[in-house]
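Observations on chain architecture
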Amino acid sequence: MRYFIRIICIITLFPAFAFSQGILSGGNVTGNVQVDAQVYQEDEKLGITDSTLNYKKFGTNGFANIIYTNGDFSAGMRFEGFLNPMIGFDQRYEGVGIPYWFAKYKTGSLEMTAGHFYEQFGSGLVLRSWEEWTLGYDNNIYGFNAKFTPAKGVTLKGLVGVQRFFWEPYEADSRGIVRGIDGEFNLNDIFEPMNDSKTKITLGGSFVSRYEKAVSKTIERDSSWMEITQLGDTINWITRTTYEYQLPVNVGSWAGRMNLAHGGFNLYAEYAEKGNDPNATNDYIYKNGQALYSTVSYSTKGFGLFLSTKWIDNMHYKSSRYESGNPPMLDINYLPAISKEHQYSLATMYPYATKQNGEFGFQGQIIYTIPKKSKLGGKYGTTLTANYSFAKSIKKEQIASDIPIDSTGTDGYKTTFLSIGDLPFYRDLNFLIEKKMSSKVKVKAAYFNQKYNLHVIEDDLYDEENMVYAHIGVIDFTYKFDRRNSLRTELQGLWTKEDEGDWAGITLEYNVSPSWFFSVMDEYNYGHPDADRQIHYYNFAFGYTEKTNRISVRYGRQREGLLCVGGVCRYVPASTGLTLTITSSF
Amino acid sequence: MKKLILLVCLISVSLITFAQEESKTYGPVPSITVKTLDGETFDMGEISNDGKPIIITFWATWCKPCIKEHDAINEVYEDWVDETGVKLYAVSIDNARSSRGVLPLVNGKNWEFEILLDENGDFKRAMNVNVPPHTFIINGNGEIVWQHVGYLEGDEAEYIEIVEKLIEGKPLE
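This one's a predicted model, so the numbers in the text were calculated from it and none came from an experiment.

Regarding the pairing of strand S6 (residues 134-138) of chain B
Residue and element names in this part refer to chain B. Within S6, five of the five residues are buried, which leaves it mostly tucked inside the rest of the structure. Across the two faces of S6 the burial is the same, with His134, Phe136 and Ile138 and Thr135 and Ile137 all buried. Bridging between strand S3 (residues 54-59) and S6 involves five bridges; their strand directions are antiparallel. Paired with Ile56 across the strands is Phe136, a residue of S6. Two elements, S6 and strand S7 (residues 144-149), share five bridges in a ladder whose sense is antiparallel. From the neighbouring strand, Ile138 faces S7, where its bridge partner is Ile144. Counted along the chain from S6 to the antiparallel partner S7, the turn is five residues long, and its residue Gly142 has a positive phi close to 80°.

So this is what it looks like as structure tokens:
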């Protein structure tokens, strides 16, 4: 409580004090609030009873952000409350408090932040701290962050801090300390002859290190042999040897990147390496980590193409070597999944999440707009999108014939950079057509063909025993009655012989711009192999928006599944009940 | 002692609120660095349109209503620019997973407005955006004067009305 008052005072007193002094005046307070409240009910069909709910019939997640800005100074905080955490959020979030506050000052070429902050080096292969409220994901860094721009085109960053772990405050050695530096250089700004060049080149590099005290950790290995005595008896001998891990106290990682842009052409590549980092996610093996992420794109008016590849090996990097749980906490780096994030609910039934310790991924996408007033394009033009992505294992070989892959305390395995293994993790091929038929009618149609290795993605079992093959079709139809009133109808189908079988979905959404929406939705698992589980997941919702205030109420069933944002997923169990959401900005 | 601290806090809060009363804007656009599609840095605090209004939208390639909003605006954008001189900056909050797909999408869809990248959400946080789409209108002095959460079919008509009111110097309410 005292801590809380202190923070409030720092944040509120400083500007008030400065204001009365006349040093700074005309400051600004802005903020936003979101509260989600759910009332759960028993549902025999879904197997939900008071005891499966742990008698927690009511869940609330909420936050309030307040930012004070005055010229080059700003300070802010985020108040959070999980009372109790809503279903699908980790129970360790239960509580209220201020897990995030900061003060920032910019003077000349230097910007300093003290407190909590979010930062990203390059594409995040070695460092990214971020938050995503809907996922319950927050790995903010608590410490100092400096950004220095000594000359145009040069950005240098340095940071040191500790990361958030639910509500647990940092204590000496309770988790690691993260340090990092990053430099980014825009060659066109730095070198005069390149100032006006149409080719824009940016280079960057980062180094990140984690300090974590090593505590004694041992492993026992047995070796056995036989001996035949002079009397002809057989004796089995076993020698048990105890090994002590030499755990690295400092684990470093570095990355180099480049971006090359020339008109519609763009090439980005980032390569990263990590020093040996035995930890709970890699069975305490001593192998180094390696990653490459690159994208090339070309686009011009009406046409866009991009190809991305990613190869990662043993790149889990956390600020505690003992952390491996779910939800992912204490992540220092970010390894994006490179499949497409879909917008339709049945297309997100089988989403992909990155396998940090070994994966090859590819994605390609083409967008083409058939011009307006052409034969095929119609009066308004037609947009076509094709997208293909897959993820597979990388090749892993034993380091010696008597040491199985991933043996703890060893180098684990051997691999070759950019090698592709045989085990498929995921594949997604999809097409989308968008067409405006008239000033009143818009139609979208989509088809998805997905292959999903359920064992790998959901259970971390590296085999092909549970593959799901799904076809998904969507038709999305909007009819505009007049400037304010419109009706959107969405028909979806998912067909698969595996997992929970076939699904059909319908959504009707009536909108009155700019304030109201009403929707009715049903997803029906009519193909479930167990007739008792052929369930309707119905939902009724309405919402009211008034400028930046938005209130929505939803009643219905939430289906079990993975909710993913940016390749990080959260498991959401099935539930039934009423959800009230209030969001507001000021 | 604790009560005294609380009292001082309350007074200071009311002082800030009082300071707020004087100007009826959400303040200037915060000075946060984002990136252009060429990979260059861009300071949002320096955004300008020769004294004419600016619209800033927050969006992402995976956000269905955002794409709808931009498709709808794109159809009328040329007229908006001709009639009012307004400029639209669409700030993508796509992270490293999808940010490289922003330019191909924008070009593929023939969107005519300015695009910026806010990969780690720094500008999004500074602007108090919960989820996209979230739209802001900036007056000729660079102050945020209006904002709107979400997008429903037809909302874009309201944006241009606000812009027209700003140009004519009429009250927004």
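Looking at the packing of helix H2 (residues 64-84) of chain B against helix H5 (residues 156-168) of chain B
Residue and element names in this part refer to chain B. Close contact between H2 and H5 brings their axes to 10 Å; oriented N to C, the two are set at 25°. As summarised for this structure, H2 and H5 are arranged roughly parallel, according to the angle between their axes. Judged by the twist between their axes, the crossing of H2 over H5 is right-handed. Here Glu69, Ala72, Ile73, Trp80 and Thr84 of H2 lie close against H5, whose contacting residues are Glu156, Tyr159, Ile160, Val163, Glu164 and Ile167. Its residues assigned to classes, the contact of H2 with H5 comprises seven nonpolar, one polar and three charged.

Some thoughts on the state of the cysteines
All names here are of chain B. Counted under the stated rule, the structure contains one disulfide over all chains. Bridging Cys63 to Cys66, the disulfide has an S-S length of 2.0 Å. Linking Cys63 and Cys66, the disulfide has an S-S dihedral of approximately 75° and is accordingly described as right-handed. Across the pair, exposure class does not vary: Cys63 and Cys66 are buried alike.

Conventions adopted
Residues numbered from 1 in each chain as written. Chains lettered and ligands numbered in written order. Predicted model: local features only at pLDDT ≥ 70, side-chain atom pairs only at ≥ 80, totals over all residues. Heavy atoms only, no water. Buried < 20%, exposed > 50% of the residue type's maximum accessible area, 1.4 Å probe, protein only. Helix = DSSP H or I, 4+ residues; strand = E, 2+ residues; numbered from the N terminus. Pairing = 2+ DSSP bridges. Axes fitted to C-alpha atoms, helices over the stretch in contact; angles between N-to-C directions. Parallel < 35°, antiparallel > 145°, perpendicular 65-115°, else oblique. Left-handed = near helix turned anticlockwise from the far one by under 90°. Contact = heavy atoms within 4.5 Å. Nonpolar A, V, L, I, M, F, W, Y, C, P; charged D, E, K, R; others polar. Disulfide = S-S within 2.5 Å.

In short, shape yes, function no, at least from these values alone.
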